[in-house]
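Summary of structural features
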Amino acid sequence: MSPLRPLLLALALAAVPCAQGACPASADLKHSDRTRTCAKLYDKSDPYYENCCGGAELSLEPGADLPYLPSNWANTASSLVVAPRCELTVWSRQGKAGKTHKFSAGTYPRLEEYRRGILGNWSNAISALYCRCS
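Below is a summary of the structure that appears in this document. Small disclaimer: the values here were computed from a predicted structure and weren't measured. (Residues numbered from 1 in each chain as written. Predicted model: local features only at pLDDT ≥ 70, side-chain atom pairs only at ≥ 80, totals over all residues. Heavy atoms only, no water.)

1. Quick notes on the overall build of the chain
Inclusion rule: Helix numbering and strand numbering both begin at the N terminus, where a helix is a DSSP run of H or I of at least 4 residues and a strand a DSSP run of E of at least 2. Here the term buried applies to any residue with accessible area under 20% of the maximum for its type, exposed to any over 50%, and partly exposed to those in between, with areas from a 1.4 Å probe on protein chains only. The contact criterion used throughout is that any non-hydrogen atoms of two residues lie within 4.5 Å.
For the chain, the helix and strand inventory stands at one helix and eight strands. For the chain, the residues scored as buried account for 37% of the 134 residues in total. Counted over contacts in the chain with a minimum sequence separation of 6, partners at least 24 positions apart contribute 66%.

Next up, the structure:
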């Protein structure tokens, strides 16, 4: 194998759209009518970033306050994206109880990478949330 082959492969992957992940950019969180979205939660993540932010999605409007997530979303989110100038606060138990974490604007393709206490993580652990934008 030529020593240039790995370099060419890396350059080709960098040029392919979505090679860095399937998650939308934070700035792209808008509805088709151009109204603002505060955040989006996704129920699929993967060890490979290009497969994250898949499956069902829950779109949150600015000011969304859900102390009790719908039953099909409680402890289901494993990826999320927060819009610019927005902040998503999540809780590990219904009624805004338990551990809490604030996600600022950005893309979070694998919630397994964000600690929840000593032994846990935030993948499949969000039971309540509040999303605000400035």
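We are not done yet, so read on.
2. As for the environment of Ser79
Just so we agree on the cut-off: Think of a polar contact as two N or O atoms within 3.5 Å of one another; within protein, one of them needs to be a possible hydrogen donor and the other a possible acceptor, and neighboring residues in sequence only count if both atoms come from side chains.
Along the chain, Ser79 turns up in strand β4 (residues 79-93). Here Ser79 falls in the buried class, since its relative accessible area comes to 0%. Here the alpha-carbon distance between Ser79 and Glu112, two residues 33 residues apart in the chain, equals 8.8 Å. In this structure, Ser79 is in contact with Lys40, Leu41, Tyr42, Lys44, Ser45, Cys52, Cys53, Tyr108, Pro109 and Leu111, ignoring residues within four places of it in sequence. A polar atom in the side chain of Ser79 sits 3.0 Å from the backbone oxygen of Lys44.

3. Observations regarding the nonpolar core
Here is the rule we go by: Put simply, buried Ala, Val, Leu, Ile, Met, Phe, Trp, Tyr and Cys residues joined by side-chain atoms within 4.5 Å make one nonpolar core.
Within the largest apolar cluster, 29 residues are counted, with the highest numbers of intra-cluster contacts made by Leu41, Leu60, Leu80, Val82, Leu88, Phe103 and Ile126. Looking at this core, the elements that each hand over two or more residues are β1 (39-44), β2 (54-60), β4, β5 (97-108) and β8 (128-133). A total of seven residues in this core trace back to one element, the largest contributor, which is β4. Setting aside its immediate chain neighbours within four residues, Phe103 contacts Leu80, Val82, Cys86, Glu87, Leu88, Val90, Tyr108, Leu111, Tyr114 and Trp122.

4. A short note on the state of the cysteines
Spelled out, the test is: Defined by distance alone, a disulfide is two cysteine sulfur atoms within 2.5 Å.
For the structure on display, the rule yields three disulfides. Paired by a disulfide, Cys38 and Cys131 hold their sulfur atoms 1.9 Å apart. Of note, the bridge from Cys38 to Cys131 carries an S-S torsion of about -85° and is left-handed in sense. With Cys38 in the loop between α1 (4-15) and β1 and Cys131 in strand β8, this residue pair connects regions lying 93 residues apart in the sequence.

5. Observations concerning the pairing of β1
The condition that has to hold: Strand pairing is assigned whenever DSSP detects at least two bridges linking the two strands.
Across five bridges, β1 lies against β2 in antiparallel orientation. Its bridge partner lying in β2, Lys40 is registered against Ser59. Across four bridges, β1 lies against β4 in antiparallel orientation. Among the inter-strand pairings, Lys40 is bridged to a residue of β4, identified as Val81.

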